[in-house]
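Summary of the model geometry
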Amino acid sequence: MDPLSTCFQHQQQLEVEDTGDELLIYRTGDDSTYYLNGTAALVWRLCDGQRRGADIVDLLVDAYPDESVTIRSQVPEILRELTERGVVASI
Amino acid sequence: MSESPMHAHHYSLYGLVSAPRPTEARGQRLRELANDVCWERVPDIATKQRIGPLIYWHLREHDIPYPNHIRRTLAAIFARQKAIAAAQTETLAEIIAALRDAAIDSLVLKGGALAHILYPEPGLRPMEDLDILVPSNQGEAAREVLCDLGFHAPAPITRYARLQHHLPVAQRMTGNILVSVEVHTTAFNLLMAHELSFSSLQRPLVDYVAGGEAMQALAPEQMLWMQYHGLRKLAEPVRFLQLADLVGLVERYADVLDWPQLRRDYPDLWHALTALHAFTPLGGNACGHLGLDAERPPSMRGIGEDYRGWPRHGFTQKLNPRERWQLLAETLHPPEWWARFVYGIPSARGLSGVFFHRHPAAFIHQGLRRLYLGPVSRGAFFKTEI
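A brief look at the structure comes next.

Observations concerning the sheet that holds strand β1 (residues 7-10) of chain A
Residue and element names in this part refer to chain A.
- Here three strands make up an open sheet; going across it, the order is β5-β1-β6 and the pairing antiparallel. Strands with a single pairing partner mark the edges of an open sheet, and in this sheet they are β5 (48-52) and β6 (88-90). Each neighbouring strand pair of the sheet contributes to a mean axis angle of 30°, computed without reference to strand direction.
- Strand direction decides the pairing type here: β1 and β5, joined by two bridges, are antiparallel. From the neighbouring strand, C7 faces β5, where its bridge partner is R52.
- Where helix α2 (residues 53-63) meets the sheet, it contacts β1 and β5, and its direction lies at approximately 75° from that of β5.

Quick word on the packing of helix α12 (residues 267-279) of chain B against helix α15 (residues 336-343) of chain B
Residues and elements named next belong to chain B.
- Where α12 meets α15, the axes come as close as 7 Å, and the angle between the chain directions of the two elements is 145°. Of α15, the residues touching α12 (which contributes D268, A272, A275, L276, A278 and F279) are W337, R340, F341 and Y343.
- Per-class residue counts for the contact of α12 with α15 are eight nonpolar, no polar and two charged.

Considering the side chain of E336 of chain B
Residues and elements named next belong to chain B.
- Following the sequence through the fold, E336 ends up in helix α15.
- Given a relative accessible area of 7%, E336 falls into the buried group.
- A distance of 3.2 Å separates a polar atom in the side chain of E336 from the backbone nitrogen of R301.

A closer look at the pattern of salt bridges
- A complete count under the given rule lists 26 salt bridges over all chains for this structure.
- Its salt-bridge partner being R80 of chain B, residue D31 of chain A comes within 2.9 Å of it at the nearest N-O pair. Here D31 of chain A is found in the loop between β3 (23-27) and β4 (32-36), whereas its partner R80 of chain B is found in helix α5 (residues 68-101) on a different chain.
- The shortest N-O distance in the salt bridge between R308 of chain B and E305 of chain B comes to 3.9 Å.
- When salt bridges that share partners are traced, they join E17 of chain A together with R60 and K82 of chain B into one network.

What about a nonpolar patch on the surface?
Residue and element names in this part refer to chain B.
- Together, W325, L328 and L332 make up an exposed nonpolar region whose accessible area comes to about 340 Å².
- Here L328 shows up in helix α14 (residues 321-332).
- Its relative accessible area of 31% is what places L328 among the partly exposed residues.

Quick notes on the rules
- Residues numbered from 1 in each chain as written.
- Chains lettered and ligands numbered in written order.
- Predicted model: local features only at pLDDT ≥ 70, side-chain atom pairs only at ≥ 80, totals over all residues.
- Heavy atoms only, no water.
- Pairing = 2+ DSSP bridges.
- Helix = DSSP H or I, 4+ residues; strand = E, 2+ residues; numbered from the N terminus.
- Axes fitted to C-alpha atoms, helices over the stretch in contact; angles between N-to-C directions.
- Contact = heavy atoms within 4.5 Å.
- Nonpolar A, V, L, I, M, F, W, Y, C, P; charged D, E, K, R; others polar.
- Buried < 20%, exposed > 50% of the residue type's maximum accessible area, 1.4 Å probe, protein only.
- Polar contact = N/O pair within 3.5 Å; in protein donor to acceptor, adjacent residues only side chain to side chain.
- Salt bridge = Lys/Arg side-chain N within 4 Å of Asp/Glu carboxyl O.
- Patch = residues over 30% accessible without salt bridge, like charges linked within 9 Å, V, L, I, M, F, W, Y side chains within 5 Å.
- Areas by Shrake-Rupley, 256 points an atom, 1.4 Å probe, with all protein chains shown as cover.

By themselves, these observations are geometric and do not establish any function.
Here it is as structure tokens:
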């Protein structure tokens, strides 16, 4: 799977809690909890079933131009990990 | 027995968060003590007392700083509870609709009503099961409705099950969550010495909506009495969550309750509210009706301390002689706050009557219950699980 050309959406049966510093995602299916840091939380929120990974990168680069190198390298990695953890699904 | 008494500041923290809604007065006190709390013990105690979501929520509402790793733990407890509450709410709405379609009157008791009526969101009020009251001659019909909805709903076959005030626990998976339901034909068991069934309901009932479905709960006075009377059991802990329910009812219905009538009908409850105020400072309106000083909660020994004697801890356990004496002492001489709250004693002067009369009578009551109903099996209590 190429994250940049794939659309992602939130998985079902998740409970989300914003603790301020990070986003906590609880998955009822296997009673597991994930804590997303600020960047991962931002990427997760942008997974709306419409945007491809590349669209998410573009949005973030527009918002944080000084961080473009980091964003381009990290976003695909974050999307892969979110998919592996079962909190987003590729469509 | 091995659990050491909690630090005094903990009582303040747990008391201040044992309420469904924040008040500025409680928030101010929380801010004042936040630096002195031993936070490491909070998640364990909160879990035992079933107030993990409430602690997290109150601290967030009042923007109280506390260690991040504790916040993570409490947030996880809250998120998990929200998932359970969502499944319970969906299930409750489905059952109430199905009972209505089957022309069976129903009324939601305890957590299934309180979570939606008192709390800002139902995930703040954990519950083991859903309790639904139906007319006493429609228990079997209600059980069949549950079976049609896919519940495993066994009929009462054993003597123990037939003597209960509710049908055996019915269970079903809703999503990934196991939801338990108790269909009651009366609110209290035989030996709690109080009749509350469909034929003795005070009206008007409380209307509310959960999961998009209209449903009803007990009238405020009876709801308050049921929550109080239900926790006056020698064998079961008084949890802070139950105290939060009482605080919520008193504050939510302060302008609706007939206070003089409440005092006449339920004098023990009336006096217990003074002890409640010593644990959780009640709002000014409720204090006004109760004749309590909102700024100065009454002082008494052992505020928030639960009873630790028999039968919470059995003499049959492997105890050394010193521990046996300690258990005996704790059995015969419970904490003042607990005694005043559970027995509804207006002042410390009435405690001698409790220790020599009502407390021993409660042992006899407990013994009779065990003899009549048979031994209580811990494994018989099903909980909502994931």
